[in-house]
Amino acid sequence: TVSFNNCYFKDEVDFSGANFDQMLLLTKSIFDKPANFQACMFEQDIRMDETFFSSNLLMQECVIRGNFWAKQATIYGQLSLQQADFWQNASLAAISVHKYADMGLTNFRRSAFFEYGEYFNKVNFNGAIFSNRAEWNKTKFHLVVDFSNTTFLSKPVFSNIELREDPIRDNIKYINGRNLF
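Residues numbered from 1 in each chain as written. Predicted model: local features only at pLDDT ≥ 70, side-chain atom pairs only at ≥ 80, totals over all residues. Heavy atoms only, no water.

Digging into the sheet that holds strand β18 (residues 96–97)
So, point 1. Strands sit in the order β2-β6-β10-β14-β18-β22-β26-β30 across an open sheet of 8 strands; the sheet is parallel. The sheet is open, and its two edges are formed by β2 (8–9) and β30 (162–163), each paired on a single side.
So, point 2. Pairing of β2 with strand β6 (residues 30–31), which is carried by 2 bridges, proceeds in the parallel orientation. Across the sheet, phenylalanine 9 pairs through a bridge with phenylalanine 31, a residue of β6. (Pairing = 2+ DSSP bridges. Helix = DSSP H or I, 4+ residues; strand = E, 2+ residues; numbered from the N terminus.)

In structure tokens form, the structure reads like this:
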């Protein structure tokens, strides 16, 4: 296990392209500058519970073969999980994202949890694939959320969500012909 629990990172962190063959723990850490994990390979779990990001968290094109935990993380910059491939569960429960959140073209192979999250800027799920359970319970979207071209292979759960704008729903592929909102 590689553990950076309760750490303070005052400079930019750039692990882009790194391969992590052990569990990576970043729980309750503080990142003052951008945290770049672009195109990384994570063979085991990654935990970012209660981690604070003053700037961007960039994880586009990552392959995460273990579970991904970012419960109660706060991100004041952009969150990018675009084109990431989650092989196990992804939990972004009670996450707070203050700038653009991009999960477009992301592959969620197992369950994905977004409950109690709060998104202050635009959120993009365009082209994402949810192969298993996906839950948005008591999630708040302050600006538009884009679900266009998203595929749901299992019935998603949308309950008690707050939307200030109508979501973009063009060309959604979902089961049983049910409307999502």
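Still more ground to cover, so stick around.
A word on the packing of aromatic side chains
So, point 1. Inspection of every chain in the model, using the stated rule, returns 27 aromatic pairs.
So, point 2. Geometrically, the ring pair formed by tryptophan 136 and phenylalanine 152 is edge-to-face, given 6.2 Å between the ring centres and 80° between the ring planes. Placement of tryptophan 136 in strand β25 (residues 134–137) and of phenylalanine 152 in strand β28 (residues 151–152) is noted, with a sequence separation of 16 residues between them. In this pair, the class of tryptophan 136 matches that of phenylalanine 152, namely buried.
So, point 3. For the cation-ring pair, arginine 65 lies above tryptophan 87, with the distance from its terminal atom to the ring centre recorded as 4.6 Å. (Phe/Tyr/Trp six-rings, centres within 6.5 Å; stacked < 30°, edge-to-face > 60°. Buried < 20%, exposed > 50% of the residue type's maximum accessible area, 1.4 Å probe, protein only. Lys NZ or Arg CZ within 6 Å of the ring centre and 35° of its normal.)

Quick notes on the pattern of salt bridges
Opposite charge on two side chains makes pairing possible when the charged atoms of those side chains draw close.
So, point 1. As enumerated under the stated definition, the model contains 4 salt bridges in all.
So, point 2. Between arginine 65 and glutamate 43 there is a salt bridge, with its nearest N and O atoms 3.1 Å apart. Of this pair, arginine 65 sits in the loop between β12 (63–64) and β13 (68–69) while glutamate 43 sits in the loop between β8 (41–42) and β9 (46–47), placing them 22 residues apart in sequence.
So, point 3. Overall, glutamate 43 belongs to the partly exposed group, its relative accessible area being 33%. (Salt bridge = Lys/Arg side-chain N within 4 Å of Asp/Glu carboxyl O.)

Looking at the side chain of asparagine 67
So, point 1. Position of asparagine 67 relative to the elements: it lies in the loop between β12 and β13.
So, point 2. Since its relative accessible area comes to 19%, asparagine 67 is described here as buried.
So, point 3. The contacts of asparagine 67, once residues within four sequence positions are left out, are Asp45, Ile46, Gln88 and Asn89. (Contact = heavy atoms within 4.5 Å.)

Considering the sheet that holds strand β3 (residues 13–14)
So, point 1. What the 7 strands build is an open sheet, ordered β3-β7-β11-β15-β19-β23-β27; its pairing is parallel. Strands at the two margins of the open sheet, each flanked by one partner only, are β3 and β27 (145–146).
So, point 2. Across 2 bridges, the pairing between strand β19 (residues 101–102) and strand β23 (residues 123–124) is parallel. Of the residues in β23, the one forming a bridge with aspartate 102 is asparagine 124.

Overview of the side chain of glutamate 115
So, point 1. One can find glutamate 115 in the loop between β21 (112–113) and β22 (118–119).
So, point 2. Here glutamate 115 occupies a buried position and makes no salt bridge, while the nearest side chain of opposite charge, lysine 71, is found at 6.8 Å.
So, point 3. For glutamate 115, the contacting residues outside a window of four places in its chain are Leu92, Ala93, Ala94, Glu135, Asn137 and Thr139. (Lys, Arg positive; Asp, Glu negative; His and termini not counted.)

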